[in-house]
Amino acid sequence: MKTRLFLHTAVLLLLSVFIVSFDQKDEIVAALKTGSVDKMSPYFDQMVDVSIPGKSNSYSKGQAELVLKDFFNMNRVKNFELQHSGSNPSSNFIIGKLVTANGEFRTTVYMRLRGDKQMIQGIEFEPKR
């Protein structure tokens, strides 16, 4: 009986993590579609690895916001197309194509579970050739 109760509890916990993470992924995808750092930044962890053409570093949450705002100002976003996403109980990722006025970028967002929230650990923009 205890084993069965434990299994039910574990399954419910995993489902709740996946439901929360899917909502957060949807919000991050929506922010990428418009280039809105303000909508994405609530999901930034305290340190975020940011890789954009010509610049790659680990930044504090506030610095990462500035770097990404500058990137989106220089590359006006037209759309973001989600191509793949994956998750497990402790981490998630999103891969897609960011379409900007200056070209397309393969975009990858890495997230890790902190408490009950998936936090962005890293984001990469690689120019498509």
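Quantities reported herein were computed from a predicted structural model and do not represent experimental measurements.

## Side note on the overall build of the protein
Consideration 1: Of the regular secondary structure elements, the protein holds three helices and six strands.
Consideration 2: When the helices and strands of the protein are listed from N to C terminus, the series reads α-α-β-β-α-β-β-β-β.
Consideration 3: Looking at the protein residue by residue over its 129 residues, the buried ones come to 38%.
Consideration 4: The long-range fraction of contacts in the protein, counting pairs at least 24 apart against all pairs at least 6 apart in sequence, stands at 45%.

## Observations regarding the sheet that holds strand β1 (residues 44-52)
Consideration 1: With mixed pairing, the six strands of this open sheet are ordered in space as β2-β1-β6-β5-β4-β3. Of all the strands in the sheet, the pair left with one neighbour each is β2 (55-60) and β3 (77-88). Put simply, the sheet's adjacent strands are angled 15 degrees from each other on average, direction ignored.
Consideration 2: Of the strands in this sheet, β1, β2, β3, β4 (91-100), β5 (103-114) and β6 (117-127) touch helix α3 (residues 61-74), which is tilted by about 35 degrees from β1.

## Examining the pairing of β5
Consideration 1: Pairing of β4 with β5 involves ten bridges; the strand directions are antiparallel. Note that in β5 the partner of Ser91 across the bridge is Arg112.
Consideration 2: Hairpin geometry of β4 and β5 is characterised by an intervening segment of two residues between the two adjacent antiparallel strands.
Consideration 3: Linking two consecutive strands that pair antiparallel, namely β5 and β6, is a turn of two residues; a positive phi of about 70 degrees is found at Gly115 within it.

## Things to note about the pattern of salt bridges
Consideration 1: If you walk through the whole model with that rule in mind, you get five salt bridges.
Consideration 2: Of the charged contacts, one joins Asp38 and Lys69 as a salt bridge, the two residues approaching to 3.2 Å between their closest N and O atoms. With a gap of 31 residues between them, Asp38 in helix α2 (residues 37-40) and Lys69 in helix α3 connect regions that are remote in the sequence.
Consideration 3: Asp38 sits in the exposed class, given a relative accessible area of 51%.
Consideration 4: A salt bridge links Arg114 to Asp45, with the nearest nitrogen and oxygen atoms 3.0 Å apart.

## Comments concerning the packing of aromatic side chains
Consideration 1: Here the structure, examined in full by the defined rule, presents four aromatic pairs.
Consideration 2: Relative to Phe125, the ring of Phe72 lies with its centre 5.8 Å away and its plane at 80 degrees, an arrangement referred to as edge-to-face. On the criterion of sequence distance, the pair formed by Phe72 in helix α3 and Phe125 in strand β6 is long-range, its members being 53 residues apart. With respect to burial, Phe72 and Phe125 carry one shared label: buried.

Cut-off values and rules
Residues numbered from 1 in each chain as written. Predicted model: local features only at pLDDT ≥ 70, side-chain atom pairs only at ≥ 80, totals over all residues. Heavy atoms only, no water. Helix = DSSP H or I, 4+ residues; strand = E, 2+ residues; numbered from the N terminus. Buried < 20%, exposed > 50% of the residue type's maximum accessible area, 1.4 Å probe, protein only. Contact = heavy atoms within 4.5 Å. Pairing = 2+ DSSP bridges. Axes fitted to C-alpha atoms, helices over the stretch in contact; angles between N-to-C directions. Salt bridge = Lys/Arg side-chain N within 4 Å of Asp/Glu carboxyl O. Phe/Tyr/Trp six-rings, centres within 6.5 Å; stacked < 30°, edge-to-face > 60°.

What is shown is where atoms sit, not what they do.
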